[in-house]
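Below are the chains, spelled out letter by letter.
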Amino acid sequence: MKLRRIVTLLIIAAACAAGIGVYLQQSSQPPAGRMTAGASAPAFEAVTLQGEKVRLSEYKGRVVLLNFWATWCKPCMREMPLLNELSQSAELPVETLFVNAGESKGTVSEYMAEQQFTFPVIIDVTGRISASYSVNALPSTYIINKAGEISKVVVGEIGDLDTLKQWLVEAGAE
């Protein structure tokens with residue numbers, strides 16, 4: 001009787017260990033469809049709030065920080081001052097492109113004026129650009145290297161300027 005109980009417990013423990021192993025292996029891999037480092041950055045053409053046409057292909061040969069955000073997203077709002085500081089700085093040769101995910105031009109214009117941010121913002125009302133980058137959480141930031149490949153994907157708030165600068169340098173911004 002005791003031996004049967006011990007064998008049963010060992011079988012249960014082995015099954016649990018196998019389940020945990022499978023979970024850890026799957027959680028260390030990016031979700032299906034998510035853009036990953038090394039992938040070519042999907043090309044897009046869009047118009048900024050100011051009416052300027054933007055093509056990602058025009059930035060080939062430069063490091064680009066591509067940030068997806070929304071005004072209702074609290075983590076987006078917390079990281080905006082840091083990203084604004086980076087976009088205004090001449091310390092690193094980086095192009096910053098901000099893509100607002102799904103909001104109206106009026107909402108975004110009002111927010112930009114209130115916060116006194118002057119960086120160019122692309123309005124992705126249809127979600128076409130967000131979908132091409134498989135954005136499923138905000139904020140999402142993609143660092144694109146000089147070859148047009150994604151160097152780093154950050155899902156969630158960026159809270160440290162020094163870490164961000166290091167990622168940009170690793171992508172070729174020097």
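Details of the structure are given in the entry above.
Below: a short report on this structure. Along each chain, the written sequence defines residue order, and numbers are assigned to residues from 1. Only residues with pLDDT of at least 70 are given local features in this predicted model, and only at 80 or more are side-chain atom pairs given and counted; all residues enter the totals for whole chains, interfaces and linings. Based on all heavy atoms of the structure, the side-chain values leave hydrogens and waters out of the count.

### Digging into the overall build of the protein
Now for step 1: Put simply, DSSP H or I for four residues or longer makes a helix, DSSP E for two residues or longer makes a strand, and each gets a number counted from the N terminus. If you tally the helices and strands in the protein, you get 5 helices and 7 strands.
Now for step 2: Traced from its N-terminal end to its C-terminal end, the protein shows the element sequence α-β-β-β-α-β-α-β-α-β-β-α.
Now for step 3: When accessible area is computed with a 1.4 Å probe and restricted to protein chains, residues below 20% of their type maximum are described as buried, those above 50% as exposed, and intermediate ones as partly exposed. Looking at the protein as a whole, 39% of its 174 residues qualify as buried.
Now for step 4: Restricting to contacts in the protein with at least 6 residues of sequence separation, those with at least 24 account for 68%.
Now for step 5: If you sum the accessible surface of the protein, you get close to 9,800 Å²; carbon and sulfur atoms cover 55% of it. Any two residues whose heavy atoms approach within 4.5 Å at even a single point are treated as in contact. In short, Shrake-Rupley with a 1.4 Å probe defines the accessible areas, and a residue's cover is counted only from the protein chains shown.

### So, the state of the cysteines
Now for step 1: A pair of sulfur atoms, both from cysteines and within 2.5 Å, is called a disulfide here. Evaluated as defined, the whole model comprises 1 disulfide.
Now for step 2: The partner cysteine of Cys73 in its disulfide is Cys76, sulfur to sulfur 2.4 Å. Disulfide Cys73-Cys76: the torsion about the S-S bond is 80°, which places it as right-handed.
Now for step 3: Given a relative accessible area of 0%, Cys76 falls into the buried group.

### A word on the pattern of salt bridges
Now for step 1: By definition, a salt bridge exists where a carboxyl oxygen of Asp or Glu is found within 4 Å of a side-chain nitrogen of Lys or Arg. Inspection of every chain in the model, using the stated rule, returns 6 salt bridges.
Now for step 2: Glu45 serves as the salt-bridge partner of Lys53, at 3.4 Å between the closest nitrogen and oxygen.
Now for step 3: Take Lys53: its relative accessible area is 48%, and that puts it in the partly exposed class.
Now for step 4: On the basis of relative accessible area, Glu45 is assigned to the partly exposed category, the value being 37%.
Now for step 5: Put simply, Glu58 and Arg55 hold a salt bridge, and the shortest N to O gap is 3.1 Å.
Now for step 6: What makes Arg55 partly exposed here is its relative accessible area of 30%.

### Considerations on the environment of Glu91
Now for step 1: By secondary structure assignment, the location of Glu91 is in the loop between helix 2 (74-88) and strand 4 (94-101).
Now for step 2: Since its relative accessible area comes to 53%, Glu91 is described here as exposed.
Now for step 3: Expressed as a C-alpha distance, the spacing of Glu91 and Glu174, which sit 83 residues apart in the sequence, is 8.7 Å.
Now for step 4: Residues adjacent in sequence count toward polar contacts only when both atoms are side-chain atoms; beyond that, a polar contact is any pair of N or O atoms within 3.5 Å, and within protein one must be able to donate a hydrogen and the other to accept it. Of note is the side chain of Glu91, whose polar atom sits 2.7 Å from the side chain of Lys165.

### Side note on helix 2
Think of an α-helix as 3.6 residues a turn; residues three or four steps apart then line up on the same face.
Now for step 1: Along its 15 residues, helix 2 runs 22 Å from first to last C-alpha, staying within 8% of the 21 Å computed at 1.5 Å per residue.
Now for step 2: In the structure, helix 2 departs most strongly from a straight axis at Met80, where the bend amounts to approximately 40° and where the proline Pro81 lies between one and four residues downstream.
Now for step 3: All of the buried residues along helix 2 are Cys76, Met77, Glu79, Met80, Leu82, Leu83, Asn84 and Leu86.
Now for step 4: Structurally, helix 2 contributes buried residues whose contacts are with strand 3 (63-69), strand 4, helix 3 (105-115), strand 6 (140-144) and helix 5 (161-170). Here the expected length of a helix is defined as 1.5 Å per residue gap, with one fewer gap than residues. Here the bend at a residue is taken as the angle between two axes, fitted respectively to the seven residues that end there and the seven that start there.

These results come straight from atomic positions and should not be treated as a statement about function.
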